[in-house]
Amino acid sequence: MLPVSLRFPSATVLALLASLGLSSAGDIVKLKTGEKLDGVILSESPTEVVIEIALGKGGIKDQKKVPRKDIAEVIKATPDQI
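Basis of the calculations
Residues numbered from 1 in each chain as written. Predicted model: local features only at pLDDT ≥ 70, side-chain atom pairs only at ≥ 80, totals over all residues. Heavy atoms only, no water. Salt bridge = Lys/Arg side-chain N within 4 Å of Asp/Glu carboxyl O. Core = buried A, V, L, I, M, F, W, Y, C linked by side-chain atoms within 4.5 Å. Buried < 20%, exposed > 50% of the residue type's maximum accessible area, 1.4 Å probe, protein only. Helix = DSSP H or I, 4+ residues; strand = E, 2+ residues; numbered from the N terminus. Contact = heavy atoms within 4.5 Å. Pairing = 2+ DSSP bridges. Axes fitted to C-alpha atoms, helices over the stretch in contact; angles between N-to-C directions.

A. Looking closely at the pattern of salt bridges. Applying the stated criterion across every chain yields a total of four salt bridges. Close ionic contact of Lys69 with Asp70 constitutes a salt bridge, the shortest N to O distance being 3.5 Å. Connected through shared salt-bridge partners, Glu44, Arg68 and Lys76 make up one network.

B. Spotlight on the nonpolar core. Within the largest apolar cluster, nine residues are counted, these being Val29, Leu31, Leu37, Ile41, Val49, Ile51, Ile53, Val66 and Ile71. Going through the elements one at a time, β1 (27-31), β2 (36-44) and β3 (48-55) are the ones with two or more residues in this core. Here this core gets three residues from one element, more than from any other, and that element is β3. Among residues more than four places away in sequence, those in contact with Val66 are Leu31, Leu37, Thr47, Glu48, Val49 and Ile71.

C. Fine view of the pairing of strand β4 (residues 60-67). Where β3 lies against β4, eight bridges are found, and the strand directions are antiparallel. Note on β4: the bridge partner recorded for Val50 is Lys65.

D. Representation of the environment of Lys69 in the model. Positionally, Lys69 belongs in the loop between β4 and β5 (71-75). The spatial distance from the C-alpha of Lys69 to the C-alpha of Leu31 is 9.2 Å, given a sequence separation of 38 residues.

E. A look at the sheet that holds β2. Here five strands make up an open sheet; going across it, the order is β4-β3-β2-β1-β5 and the pairing antiparallel. Of all the strands in the sheet, just β4 and β5 have a single pairing partner and so form its edges. Each neighbouring strand pair of the sheet contributes to a mean axis angle of 40°, computed without reference to strand direction. Note: β1 against β2, four bridges, orientation antiparallel. Residue pairing across strands places Lys30 opposite Lys36, the latter belonging to β2.

F. Representation of the pairing of β1 within the structure. The buried fraction of β1 amounts to four of the five residues, a majority that puts the element mostly inside the structure. Hairpin connection between β1 and β2: a loop of four residues separates the two successive antiparallel strands, and Gly34 in this loop has a positive phi of roughly 100°. Relative to β5, β1 runs antiparallel, the two being bridged by four bridges. Bridged to Leu31 within β5 is Ile71.

These values are about where atoms sit, not about what they do.
Dropping the structure here:
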């Protein structure tokens, strides 16, 4: 049994675990506008990057084509992070 100070509602624990998994699971494309796209890079070319991102919690995914001229940085997940 955990001490009273270490008990959390199960919804809080689930939300925390879900947010940790989502933030470290994929590649990140940082745009010059400051927006971050977190997902899986499907393809790259000299002119664009195609990234698959999750839309909400329903498992629906979308692909975004991002022109290289709009990208500030691309961070790829290592095998240890996946």
